[in-house]
Amino acid sequence: MKILTIRGRNLASLEGEFVLDFTREPLFSAGIYAITGPTGSGKSTILDALCLALFGRSPRQVAARESGVELPDGENGSVAPGDPRTILRKGSAAGYAAAAFIGLDGQPWESEWTVRRARNRPSGNLQDYTLRLTNLTTRLPFAGTKTETLREIERVIGLNYEQFTRSVLLAQGDFTAFLKAARDDKASLLEKITGTEIYSRISVSVFMKSREAEAALKE
C-alpha cells in the first residue's frame, strides 16, 4: 500500500477543506518529514482522517469509549464518547475524510468516510456515516454494503484495522503493545507488511513433501 493523498473537511480543529498530496512537491521528494504545531492545531486529526477513511474508526475515538455514558448531541439526540462521528467539527453540518492509495493489486483507489447532520443543519442530530471505495482508474465505486466495503478495503491494502494501527499508524502506546504481542500475531503482521508470507507457504510445502518422502521410504 502506498498513500497518495489524505483529504478531509470539518474534522475536529481543522475547519473547511484540507489536502495532503504526497504526489506533489515538497512531500513527493521528502524522505522523512514531521507533523508539528501547537496543541490543538490538528496534527492528530490528520492521522485520524487517514484511519477513518480506511476503516471508519480511529485510535483516538476507540480510546475514548466509556460504557454507560452518552453525550447530548443535536436537538434531542445523544452520542457515545467513542463514536467516530464526534470528530465532526462543532457548528458543522457535514464532513468527510478520504484517502487515495495504491493497493496491493497495483490499482489506485480512494476510500471515503462521510458524516452529516439531519437536514444538513449544524443543529441536526448526527446521521449514520457512509463508507465508499472507488477505483480511480475506472471511476467505478465498489458495490456492496458497509461491511462488504470494509472487507474489500482490507483486501486491497492487505491489512485490517488492528494490523494497520500496529504497523502503519502507531498511536501512543501501541508500539509497546506490538512488542508484547504473541509471537504468532507478530509473525503474521510482519509477513504482511514485508511481503514475506511466501516463505511461510514454502515452509509448509517443504514440510509436506518431507513427510510424504519419509512415508514413502518407510513403505
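In the block above lies the structure referred to throughout.
It should be emphasised that the depicted structure is a prediction, and the values quoted were computed from it without experimental measurement.

### Some remarks on the sheet that holds strand β8 (residues 140–141)
Then, in step 1: The strand order across the open sheet formed by six strands is β2-β1-β5-β6-β7-β8, and the pairing between neighbours is antiparallel. Two strands close off the open sheet at either side, each with one partner strand: β2 (14–21) and β8.
Then, in step 2: As paired strands, strand β5 (residues 94–102) and strand β6 (residues 108–116) are joined by nine bridges and run antiparallel to one another. Across the sheet, Ala-99 pairs through a bridge with Ser-111, a residue of β6.
Then, in step 3: Contacts from helix α3 (residues 146–157) reach β5, β6 and β7 (130–135) within the one sheet, and its direction differs from that of β7 by about 45°.

### Overview of the packing of aromatic side chains
Then, in step 1: According to the stated counting rule, one finds four aromatic pairs in the structure shown.
Then, in step 2: Ring centres of Phe-55 and Tyr-161 lie 5.8 Å apart, and the angle between their planes is 75°; this geometry places the pair in the edge-to-face category. Of the two residues, Phe-55 is situated in helix α1 (residues 43–55) and Tyr-161 in helix α4 (residues 161–167); the sequence distance between them amounts to 106 residues. Like Phe-55, the residue Tyr-161 is buried in the burial classification.
Then, in step 3: Taken together, the ring pairs in this structure connect Phe-55, Tyr-161 and Phe-164 into an aromatic cluster.
Then, in step 4: The ring of Tyr-161 is capped by Arg-57, whose NZ or CZ atom sits 3.9 Å from the centre of that ring.

### Structural notes on the nonpolar core
Then, in step 1: Counting 34 residues, the largest nonpolar core has Trp-113 and Phe-164 as the members making the most contacts within it.
Then, in step 2: Listed by contribution, the elements that provide at least two residues to this core are β1 (2–11), β2, α1, β5, β6, β7, α3 and α4.
Then, in step 3: The leading source of residues in this core is α1, at eight residues.

### A word on the pattern of salt bridges
Then, in step 1: Per the stated rule, a full pass over the model turns up 13 salt bridges.
Then, in step 2: One salt bridge connects Glu-152 with Arg-155, and the closest N-O pair in it is separated by 2.7 Å. Taken together, the residues span about one helical turn, with Glu-152 and Arg-155 both in helix α3 at a distance of three residues.
Then, in step 3: Of the residues examined, Glu-152 reaches a relative accessible area of 14% and is grouped as buried.

### Observations concerning the pairing of β1
Regular strands place their side chains on alternate faces of the sheet.
Then, in step 1: In terms of strand pairing, β1 meets β5 through seven bridges, oriented antiparallel. Within the sheet, the bridge partner assigned to Arg-7 lies in β5 and is Ala-98.
Then, in step 2: Bridging between β1 and β2 involves six bridges; their strand directions are antiparallel. Among the inter-strand pairings, Gly-8 is bridged to a residue of β2, identified as Phe-18.
Then, in step 3: Linking β1 to β2, which pair antiparallel, is a turn of two residues; within it Ala-12 sits at a positive phi near 50°.

### Description of the environment of Asp-128
Then, in step 1: Examined against the element boundaries, Asp-128 turns out to sit in the loop between β6 and β7.
Then, in step 2: Asp-128 sits 43 residues away from Arg-85 along the chain, and the two C-alpha atoms are 8.3 Å apart.
Then, in step 3: In this structure, Asp-128 is in contact with Arg-85 and Lys-146, ignoring residues within four places of it in sequence.
Then, in step 4: Side chain to side chain, Asp-128 and Lys-146 meet in a polar contact 3.1 Å long.

### Quick look at the side chain of Ser-111
Then, in step 1: Within the fold, Ser-111 resides in strand β6.
Then, in step 2: At a separation of 2.4 Å, a polar atom in the side chain of Ser-111 contacts the main-chain carbonyl oxygen of Ala-53.
Then, in step 3: Setting aside chain neighbours within four positions, we find Ser-111 in contact with Ala-53, Leu-54, Ala-97, Ala-98, Ala-99, Phe-101, Leu-131, Arg-132, Leu-133 and Ile-153.

### Examining α3
Then, in step 1: Between the first and last C-alpha of α3 there are 17 Å, a value that for 12 residues agrees with the 16 Å anticipated at 1.5 Å per step.
Then, in step 2: Elements in contact with the buried residues of α3: α1, β5, β6 and β7.
Then, in step 3: Downstream of α3 by one or two residues, Gly-158 has phi in the positive range, about 80°.

### Here we look at the side chain of Ser-58
Then, in step 1: Secondary-structure assignment places Ser-58 in the loop between α1 and α2 (59–63).
Then, in step 2: Side chain to side chain, Ser-58 and Asp-48 meet in a polar contact 3.4 Å long.
Then, in step 3: The contacts of Ser-58, once residues within four sequence positions are left out, are Asp-48, Cys-51, Leu-52 and Tyr-161.

So, how was this worked out
- All residue numbers refer to positions counted from 1 along the written sequence of the respective chain.
- With the structure being a predicted model, the display of local features is reserved for residues of pLDDT at least 70 and the display and counting of side-chain atom pairs for 80 or more, all residues being used for whole-chain, interface and lining totals.
- Side-chain calculation: all heavy atoms of the structure are included, whereas hydrogens and water are not.
- A pair of strands is treated as paired once DSSP finds two or more bridges between them.
- Helical segments are the DSSP runs of H or I of at least four residues, strand segments are the runs of E of at least two, and each set is numbered from the N terminus.
- Here, residues are in contact when the closest pair of their heavy atoms is within 4.5 Å.
- Axis definition: a line fitted to C-alpha atoms, limited for helices to the stretch in contact. Angles are taken between N-to-C directions and run from 0 to 180 degrees.
- Two rings from Phe, Tyr or Trp (for Trp, the six-membered ring) form a pair when their centres are within 6.5 Å of each other. A pair whose planes differ by under 30 degrees is stacked, one over 60 is edge-to-face, and the rest are tilted.
- Only protein chains enter the calculation, and the probe is 1.4 Å; a residue is then buried if its accessible area is under 20% of its type maximum, exposed if over 50%, and partly exposed in between.
- A ring is scored as having a charge over it whenever the NZ atom of a lysine or the CZ atom of an arginine sits within 6 Å of its centre and within 35 degrees of its normal.
- Working definition of a nonpolar core: buried Ala, Val, Leu, Ile, Met, Phe, Trp, Tyr and Cys residues. They are joined through side-chain atoms within 4.5 Å.
- Salt-bridge detection follows one rule: a side-chain nitrogen of Lys or Arg within 4 Å of a carboxyl oxygen of Asp or Glu.
- We call two N or O atoms a polar contact when they sit within 3.5 Å, provided that within protein one can donate a hydrogen and the other can accept it, with sequence-adjacent residues counted only if both atoms are side-chain atoms.
- Multiplying one less than the number of residues by 1.5 Å gives the expected span of a helix.

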